[in-house]
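Coordinate analysis (summary)
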Amino acid sequence: MFPKSGRESLIAQIDREYPHQIVLPCGLDEDLEEDVVWFLDRRIGRWDMYADLRGERPVVRYCFSDQRDAAAFSLRFLAGTVRKAG
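Residues numbered from 1 in each chain as written. Predicted model: local features only at pLDDT ≥ 70, side-chain atom pairs only at ≥ 80, totals over all residues. Heavy atoms only, no water.

**Section: the pairing of strand 2 (residues 47–52)**
As judged from the six bridges shared by strand 2 and strand 3 (residues 59–64), these two strands associate in the antiparallel manner. Directly across from Ala 51, in strand 3, lies its bridge partner Val 60. Following strand 2, the chain reverses through six residues before pairing antiparallel with strand 3. (Pairing = 2+ DSSP bridges. Helix = DSSP H or I, 4+ residues; strand = E, 2+ residues; numbered from the N terminus.)

**Description of the nonpolar core**
Val 36, Leu 40, Tyr 62, Phe 64, Phe 73 and Phe 77 are the most contacted members of the largest nonpolar core, which has 14 residues in total. For this core, the elements supplying multiple residues, two or more each, are strand 1 (20–25), helix 2 (30–41), strand 3 and helix 3 (67–85). With four residues, the top contributor of residues to this core is helix 2. The next biggest cluster of nonpolar side chains, apart from the first, holds five residues, and it includes Ile 11, Ile 14, Tyr 18 and Cys 63. (Core = buried A, V, L, I, M, F, W, Y, C linked by side-chain atoms within 4.5 Å. Buried < 20%, exposed > 50% of the residue type's maximum accessible area, 1.4 Å probe, protein only.)

The following block contains the structure:
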């Protein structure tokens, strides 16, 4: 087996430390992006994120150490993206 690349190792570490993940599409509108930054800024040290380019469309994985933070993020932002798409 080949060793993981630096990026793969970093993603694996994030996945271990922040197992509660919410996926949003890349390219959010500016207002929604500002709201996401505001939300995350109040939780410094309790989250991480990365662009996941492994699927058909690039997405951003917002990763949280606490399930409650992930649930709050999901309620606030994931529901909003579903409504916009529908």
